[in-house]
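Now for the letters of each chain:
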Amino acid sequence: MEVVNTIGRRKTSVARLYLGSGKGEVKVNNRDLKEYFPFEIYQTIVKQPLVLVEEDGNFDIKVNVQGGGMKGQAEAIRLAISRALTEINPEHRPPLKKEGFLTRDPRMVERKKPGRRKARRAFQFSKR
């Protein structure tokens, strides 16, 4: 089986993923998943699509991820894994779609505008 590569994004995080057949090894930025994400919740987020389609332990995954925080990176990886699984087997698409793992979350931080204190917050108004 050839290596499938996909991209996942979330907020300012970008995850480039390479998925090939193997025994379930997950490397994030050349580090083990448990070492890169020490909190179990982020490890669970990354593994969700694999567990859902019962493919956990069948693929070796190598991910390069940059930008954003831990949660954004974990969710970017989740999207990339979901896209790779649908590329390998189109039958995985309906359950992944139903759980919302194939949807790119478009929410990002709004930029600060000139003449304002924050993105929308204006300076305090004084009538006199």
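Residues numbered from 1 in each chain as written. Predicted model: local features only at pLDDT ≥ 70, side-chain atom pairs only at ≥ 80, totals over all residues. Heavy atoms only, no water.

(A) Geometry of the sheet that holds strand E1 (residues 4-10). On the basis of which strands lie adjacent, the open sheet formed by five strands has the order E1-E2-E5-E3-E4 and mixed pairing. With partners counted over all chains shown, the strands left at the sheet margins are E1 and strand E4 (31-32), one partner each. In the sheet, strand E3 (residues 26-28) pairs with strand E5 (residues 59-66) via three bridges, with the strands oriented parallel. Across the sheet, the residue bridging to Val28 is Val63, located in E5. Those strands touched by helix H3 (residues 70-88) are E1, strand E2 (13-21), E3 and E5, and its axis lies near 145° from that of E1. (Pairing = 2+ DSSP bridges. Helix = DSSP H or I, 4+ residues; strand = E, 2+ residues; numbered from the N terminus. Contact = heavy atoms within 4.5 Å. Axes fitted to C-alpha atoms, helices over the stretch in contact; angles between N-to-C directions.)

(B) Here's a closer look at the pairing of E1. A one-sided burial pattern is seen for E1, the buried positions being Val4, Thr6, Gly8 and Arg10 and the unburied ones Asn5, Ile7 and Arg9. Of the pairings in the sheet, the one linking E1 to E2 comprises seven bridges and is antiparallel in character. Within E2, the residue paired with Thr6 across the bridge is Leu17. (Buried < 20%, exposed > 50% of the residue type's maximum accessible area, 1.4 Å probe, protein only.)

(C) How the structure looks around the side chain of Thr6. Inspection of the secondary structure assignment puts Thr6 in strand E1. Of note is the side chain of Thr6, whose polar atom sits 2.8 Å from the backbone oxygen of Ala80. If we ignore the near neighbours within four places in the chain, the residues touching Thr6 are Ala15, Arg16, Leu17, Ala80, Arg83, Ala84 and Glu87. (Polar contact = N/O pair within 3.5 Å; in protein donor to acceptor, adjacent residues only side chain to side chain.)

(D) Representation of H3 within the structure. Across its 19 residues, H3 extends 27 Å between first and last C-alpha, which sits within 8% of the 27 Å expected from 1.5 Å per residue. Counting buried positions over the 19 residues of H3 gives 14, a clear majority of the element. (Expected span 1.5 Å × (residues − 1).)

(E) Examining the packing of aromatic side chains more closely. Taken as a whole and assessed by the stated rule, the structure comprises three aromatic pairs. Each ring, one from Phe39 and one from Tyr42, has its centre 6.2 Å from the other, and the planes form 70°; the classification is edge-to-face. Of the residues examined, Tyr42 reaches a relative accessible area of 17% and is grouped as buried. The structure contains a cluster of three or more aromatic residues connected by ring pairs, namely Tyr36, Phe37, Phe39 and Tyr42. (Phe/Tyr/Trp six-rings, centres within 6.5 Å; stacked < 30°, edge-to-face > 60°.)

(F) Quick peek at the environment of Asn29. As for its position among the elements, Asn29 is in the loop between E3 and E4. Along the primary structure Asn29 and Thr44 are separated by 15 residues, whereas in three dimensions their C-alpha atoms are 18 Å apart. Here Asn29 is in contact with Tyr36, Val63, Asn64 and Val65, once residues within four sequence places are set aside. Among the polar contacts listed, one links the side chain of Asn29 to the side chain of Tyr36, at a separation of 3.4 Å.

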